[in-house]
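# Commentary on secondary and tertiary structure
Residues per chain are reported as follows:
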Number of protein chains: 2
Amino acid sequence: MKEKLSIVKIGGNVIENKTELAKFLTFFSQLKGAKILVHGGGKLATQLASKLGIESQMVNGRRVTDAKSLEIITMVYGGLTNKNIVASLQANGTNAIGLSGADGNVIQAHKRPVKEVDFGFVGDIDGINADFLNTLITSGVTPVFCALSHDGEGNILNTNADTIASEVAIGMSKLYNTTLYYSFEKKGVLMRIEDEDSVVKHIDSNKYKELLEQKIIADGMLPKLENCFHALQNNVGKVCLGNIEMIQPNASLFTTITL
Amino acid sequence: MKEKLSIVKIGGNVIENKTELAKFLTFFSQLKGAKILVHGGGKLATQLASKLGIESQMVNGRRVTDAKSLEIITMVYGGLTNKNIVASLQANGTNAIGLSGADGNVIQAHKRPVKEVDFGFVGDIDGINADFLNTLITSGVTPVFCALSHDGEGNILNTNADTIASEVAIGMSKLYNTTLYYSFEKKGVLMRIEDEDSVVKHIDSNKYKELLEQKIIADGMLPKLENCFHALQNNVGKVCLGNIEMIQPNASLFTTITL
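Cut-offs applied
- Residues numbered from 1 in each chain as written.
- Chains lettered and ligands numbered in written order.
- Predicted model: local features only at pLDDT ≥ 70, side-chain atom pairs only at ≥ 80, totals over all residues.
- Heavy atoms only, no water.
- Contact = heavy atoms within 4.5 Å.
- Buried area = accessible area lost by both parts, 1.4 Å probe.
- Salt bridge = Lys/Arg side-chain N within 4 Å of Asp/Glu carboxyl O.
- UniProt positions renumbered as here; feature names shortened; annotations may be inferred.
- Helix = DSSP H or I, 4+ residues; strand = E, 2+ residues; numbered from the N terminus.
- Buried < 20%, exposed > 50% of the residue type's maximum accessible area, 1.4 Å probe, protein only.
- Pairing = 2+ DSSP bridges.
- Least-squares fit on C-alpha atoms with pLDDT ≥ 70 in both.
- Arc of directions from axis to C-beta.
- Disulfide = S-S within 2.5 Å.

Let us look at the interface of chain B and chain A. Residue-level contacts link 38 residues of chain B with 38 residues of chain A. Here chain B meets chain A over a buried area of about 2800 Å², counting both sides, of which 71% is carbon and sulfur. Among the residues chain B hides against chain A, the three largest losses belong to B:Met75, B:Leu80 and B:Lys83. Together they make up 20% of the total. Between the two partners, chain B and chain A, sit 2 salt bridges. The residue A:Asp103 makes a salt bridge to B:Lys83 at a minimum N-O spacing of 2.9 Å.

Okay, the UniProt feature "site: Transition state stabilizer" (unreviewed entry) in chain A next. Residue and element names in this part refer to chain A. Taken from the UniProt record, the annotation "site: Transition state stabilizer" (unreviewed entry) applies to Lys-9 and Lys-224. Taken along the chain, the residues just named run across 216 residues; in space they keep tight, none of their C-alpha pairs more than 12.3 Å apart. With respect to the helices and strands, the residue Lys-9 is situated in strand 1 (residues 4–10). Its relative accessible area of 9% is what places Lys-9 among the buried residues.

What follows deals with the UniProt feature "domain: Aspartate/glutamate/uridylate kinase" (unreviewed entry) in chain A. Annotation from UniProt places "domain: Aspartate/glutamate/uridylate kinase" (unreviewed entry) at residues 5–242 of chain A. Taken as a whole, residues 5–242 of chain A contains 39% helix and 24% strand, while its terminal C-alpha atoms sit 18 Å from one another.

All names here are of chain B. Burial of strand 13 (residues 238–242) is extensive: 4 of the 5 residues sit out of reach of the surface. Here 3 bridges tie strand 13 to strand 14 (residues 255–257), and the two strands are oriented antiparallel to one another. By the bridge assignment, Cys-240 is partnered in strand 14 with Thr-256.

Laying chain B over chain A is done by rotating through 180° and shifting 0.0 Å along the axis; what remains is an RMSD of 0.0 Å. These values place the two chain copies in the arrangement generated by a two-fold rotation axis. Identified as the residue of chain B closest to the rotation axis by C-alpha distance is B:Gly79, at 1.8 Å. When you check the interface residues of chain B against chain A, 100% turn up at the interface there too, and the contact is symmetric in its surfaces.

A word on helix 5 (residues 130–138) of chain B. Of the positions making up helix 5 of chain B, those classed as buried are B:Ala130, B:Phe132, B:Leu133, B:Leu136 and B:Ile137. One side of helix 5 of chain B holds all its buried residues, which, seen down the axis, span an arc of 165°.

With respect to the helices and strands, the residue B:Asp103 is situated in the loop between strand 5 (96–99) and strand 6 (107–111). Not counting residues within four places of it along the chain, the set of residues in contact with B:Asp103 comprises A:Lys83, A:Val86, A:Ala96, A:Ile97 and A:Gly98.

Enumeration over the complete set of coordinates arrives at 0 disulfides over all chains. Cysteine A:Cys146 is unpaired, with the sulfur of B:Cys146 as its nearest cysteine sulfur at 13 Å. Exposure remark for A:Cys146: the relative accessible area of 1% places this residue in the buried category. A:Cys228 carries a free sulfur, and the closest cysteine sulfur to it, the one in A:Cys240, is 9.4 Å from it.

On to the environment of B:Phe254, then. Residues and elements named next belong to chain B. Mapped onto the secondary structure, Phe-254 falls in the loop between strand 13 and strand 14. A residue is classified by how much of its surface remains accessible, and Phe-254, at 13% relative accessible area, is buried. Measuring from C-alpha to C-alpha, the distance between Phe-254 and Lys-201 comes to 5.9 Å, with 53 residues separating the pair along the chain. If near-sequence neighbours (up to four positions away) are discounted, Phe-254 is found in contact with Lys-187, Val-199, Val-200, Lys-201, Cys-240, Leu-241, Gly-242 and Met-246.

The following block contains the structure:
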């Protein structure tokens, strides 16, 4: 039987709030077994860019990563946020190691091809170096990913943290029994958006169809759930959606998704 | 017999010059055997700080690292410079991994105690995690250090890159036959400062005393050479001083230092 591996993704809402981040890092350190952390970027990069007078370019509501934005992102995601999370985890007794996709060639990607929009230095993932990640994990080290990959030609690429989390989980599923945790602002998928506690505790493929038909899963939740099912269809054992409390041993109010 | 390990340190003069850096990274990729790169910071951090209106505090000609400067340094050293060097090495066929001292707890340090001067978030090194570095190297991965350590209590610390290079070399000497390469602007220790090619090819303890008495080693070269002998007295096999050409197979014009 394969050993258990938890892949936990946190987003801007956790990273930007020092108290929440400290709370999360304590929970994460207490999480038993092999684990991987993936963190998004948050508003820090946008704030730094604005201080430096670098304007964020947007096309169809999506950010374009030009050369200057890439520098900012590399500094903030790969430097400030990643190293501080790693140092805090060390203080919590977790021997963490910060990784961009270039480090140890752990995430191979290519620059997104230009179709209607040139997204700039944005990476679409080709593969994960699961064997090296396994070497790190079996050495007792916990990988901490920032949202950067590379193209093998010398370029760092801005890469969606949700996608990194799912691709890492998929890649590691050949070696481990994986659980992918997506933390976000809500306690899970809600039956009634206005009721914070109306969490759908379990979603499988049938329930998913039902919730889609009832328009309970819609808007921003749609791509999130599509991403979850993509992971499950590629050998990830289980996906959990909820706030940072869900990784605690006694947590019960979050959404578990299986095929 | 122990395997050979090369520890190469490059400074700002290489990092700030794109052509020199590209040239060096090609040489470094061609360097045979196990290897480790240590890079300093360069002026990028000072430039970014000045763009953001953060003034560098200096006491007795030495930089003080306050909280804001530490953020800048963490971004530039750990993010921008380190990740771009790693991505470039990947493009050169070297499977590099970027490390601050917090990553994998590879450099344990403490904040320099306040005596006459409070240097702020500056780290003095306590130890190196040689076993984990060895795990990386035996997995075929080349560690690339930026000039950051950590205190194990959640703080990143600004740490002199020359010292990181020598402490890493010392720490690895229990496992490897180490050679420490310090690259700088000159071709080596010069007999006549005005003659770029008057390189002293070999310095041992006796020659060192002689050069000190003749005041040929003075000023900025003094701490550099003290650092070299400190490394040699702590089991580092050999120290080489010169420009980036010295790591090429046919290089001859550089200074080799032994006990």
